[in-house]
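Topology and contacts: notes
Chain residues, written in single-letter form:
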Amino acid sequence: MTNAEMAAQAANKDGFIAALDQSGGSTPKALKLYGVPESAYSNEDEMFDLIHQMRARIIKSPAFTGDKVMGAILFEQTMDREIDGIPTAQYLWEKRGVVPFLKVDKGLADAADGVKLMKPMPDLDALLDRAVAKGVFGTKMRSVIDAANPKGIAAIVDQQFEIGKQILAHGLMPIIEPEVTISIADKAEAEDILLAEISKHLDGVPAGKQVMLKLTLPTKANLYKPLIDDPRVMRVVALSGGYSRDDANEKLAQNTGMIASFSRALTEGLSADQSDAEFDAMLGDAIDSIFEASRAG
């Protein structure tokens, strides 16, 4: 059973979802942007120790609470670690009032038909059992659309919803994330195809269940309003996709009912060298701006 309080917050509360789920491939870049060079660690364990320190610093900041941060997406290794001796997901909910989600995909397969599907997840059921045991509310999984290719986009959405049903069966809320690359020439066309495919697949959501959607900020404002209004969709959240925070906030504010789930746009400007006061002030400004953009639509 999902936690009723978490479900109410995820469905209805003003705020946004912080994406703190950089994994193996994206961690070095995230650390570098934070001012930690690759020379600061000599193996993967040390790298993940450093990124956990960064995430713990964000989560423990006075600005990072459920008042404005509705939820947070964790990487598997973050879920398995602790903050001040408390498992991270439990700390998020009990100490910060933030709903915990877990990134469950294992990265992207090779490109085909203009898209990158998710790699196989043979251990997904075991991971979902662990997530439930650790108090996680939902999951997130990402695949990528690089062209307005109907065959590829259909395959992406098929895969996302198929695995989404597996996640629902564990009592978890799936965030379905078919990201459209912001730099492609046919982005608007790809989004039209994606909207049609998602709308079709919502008919297969089990009775009484809902999914969440994490989508690239659309070229046409309010394109995804029909999904936001669909009772089978708990929430539609936006990824920043490489836009700067200012650009992402501006685009988000044009989309009624869509809220943010930003990663780089959230941590932009944060540095390991900042004093706690400087760090907390900068993070607080970022959270305030993303919160307001999430409400503006």
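Placed above this text is the structure.
Since this is a predicted model, take the numbers as computed values, not measurements.

Our focus in this paragraph is a negative patch on the surface. A cluster of acidic residues, D246, D247, E250 and E268, forms a negative patch at the surface. Assignment of secondary structure puts D246 in helix α10 (residues 245–252). Classification of D246 by relative accessible area gives exposed; the value is 59%.

In this structure, D84 takes a positive phi of about 55° despite not being glycine. Take D84: it is sitting in the loop between β3 (82–83) and β4 (86–87). Non-glycine residue N222 carries a positive phi angle of around 65°.

Across the 5 residues that make up strand β5 (residues 99–103), a large majority, 5, are buried. Inspection of the sheet shows strand β2 (residues 69–74) paired to β5 by 4 bridges, in the parallel sense. Bridging across to β5, I73 finds its partner in F101. Note: β5 against strand β7 (residues 138–145), 3 bridges, orientation parallel. When the sheet's bridge partners are listed, F101 is paired in β7 with G138.

Here the focus is the packing of aromatic side chains. One pass over the structure, following the stated rule, counts 3 aromatic pairs. Centre to centre, the rings of Y34 and F279 are 6.4 Å apart; their planes meet at 75°, and the pair counts as edge-to-face. Here F279 lies in helix α12 (residues 276–296) and Y34 lies in the loop between α2 (27–33) and α3 (44–60), a separation of 245 residues in the sequence. Each of the two residues, Y34 as well as F279, counts as buried. Between R57 and the ring centre of F279, over which it is positioned, the NZ or CZ distance is 4.0 Å.

When two helices pack together, their arrangement is given by the angle between their axes and by how far apart the axes lie. Relative orientation of the contacting elements helix α6 (residues 124–133) and helix α7 (residues 150–168) amounts to 45°, with a least axis distance of 10 Å. Between α6 and α7, the angle is such that the two are oblique. Crossing handedness for the pair α6 and α7: right-handed. Along its contact with α6, which presents L124, D125 and L128, the element α7 presents I163, Q166 and I167. When its residues are assigned to classes, the contact of α6 with α7 shows 4 nonpolar, 1 polar and 1 charged.

Further remarks concern the packing of α7 against helix α8 (residues 187–201). Where α7 meets α8, the closest approach of the two axes is 9 Å, and the angle between their N-to-C directions is 40°. Classified by the interaxial angle, the pair formed by α7 and α8 is oblique. Considering only the axes of α7 and α8, their crossing is right-handed. Every residue of α8 that contacts α7 at P150, I153, A154, V157, D158 and F161 is listed here: A190, I193, L194, E197, I198 and H201. Split by residue class, the contact of α7 with α8 holds 9 nonpolar, 1 polar and 2 charged.

This part covers the side chain of T88. In this fold, T88 is placed in helix α5 (residues 88–96). From its side chain, T88 meets the backbone oxygen of T78 in a polar contact 2.8 Å long. At 2.8 Å, the side chain of T88 forms a polar contact with the backbone oxygen of R81.

Let us now look at the pattern of salt bridges. Scanning the entire structure with this criterion turns up 21 salt bridges. For D192, the salt bridge is made with K220, and the minimal N-O distance between the two is 2.9 Å. A residue pair is termed long-range when its members are at least 10 positions apart, and D192 in helix α8 and K220 in the loop between β9 (211–216) and α9 (225–228) qualify at 28 residues. By relative accessible area, which is 32% here, D192 ends up partly exposed. In this structure, the salt-bridge partner of D203 is R232, at a minimum N-O distance of 2.7 Å. Taken as a pair, D203 in the loop between α8 and β9 and R232 in the loop between α9 and β10 (233–239) lie far apart in primary sequence, 29 residues in all. On the basis of relative accessibility, which here comes to 26%, the residue R232 falls in the partly exposed class. Three or more residues are tied together by salt bridges with common partners; here these are E76, D80, K106 and R130.

Moving on, we come to the pairing of β10. Successive side chains on a regular strand alternate, one facing one side of the sheet and the next facing the other. Most of β10 is tucked away: 7 of the 7 residues are buried. One ladder, built from 6 bridges, connects β9 with β10; its direction is parallel. Paired with V211 across the two strands is V233, which belongs to β10. Pairing of β10 with strand β11 (residues 259–260) involves 2 bridges; the strand directions are parallel. Following the sheet pairing, A238 is matched in β11 by A260.

Procedures and definitions
- Residues numbered from 1 in each chain as written.
- Predicted model: local features only at pLDDT ≥ 70, side-chain atom pairs only at ≥ 80, totals over all residues.
- Heavy atoms only, no water.
- Patch = residues over 30% accessible without salt bridge, like charges linked within 9 Å, V, L, I, M, F, W, Y side chains within 5 Å.
- Areas by Shrake-Rupley, 256 points an atom, 1.4 Å probe, with all protein chains shown as cover.
- Salt bridge = Lys/Arg side-chain N within 4 Å of Asp/Glu carboxyl O.
- Lys, Arg positive; Asp, Glu negative; His and termini not counted.
- Charge placed at Lys NZ, Arg CZ, Asp CG, Glu CD.
- Helix = DSSP H or I, 4+ residues; strand = E, 2+ residues; numbered from the N terminus.
- Buried < 20%, exposed > 50% of the residue type's maximum accessible area, 1.4 Å probe, protein only.
- Pairing = 2+ DSSP bridges.
- Phe/Tyr/Trp six-rings, centres within 6.5 Å; stacked < 30°, edge-to-face > 60°.
- Lys NZ or Arg CZ within 6 Å of the ring centre and 35° of its normal.
- Axes fitted to C-alpha atoms, helices over the stretch in contact; angles between N-to-C directions.
- Parallel < 35°, antiparallel > 145°, perpendicular 65-115°, else oblique.
- Left-handed = near helix turned anticlockwise from the far one by under 90°.
- Contact = heavy atoms within 4.5 Å.
- Nonpolar A, V, L, I, M, F, W, Y, C, P; charged D, E, K, R; others polar.
- Polar contact = N/O pair within 3.5 Å; in protein donor to acceptor, adjacent residues only side chain to side chain.

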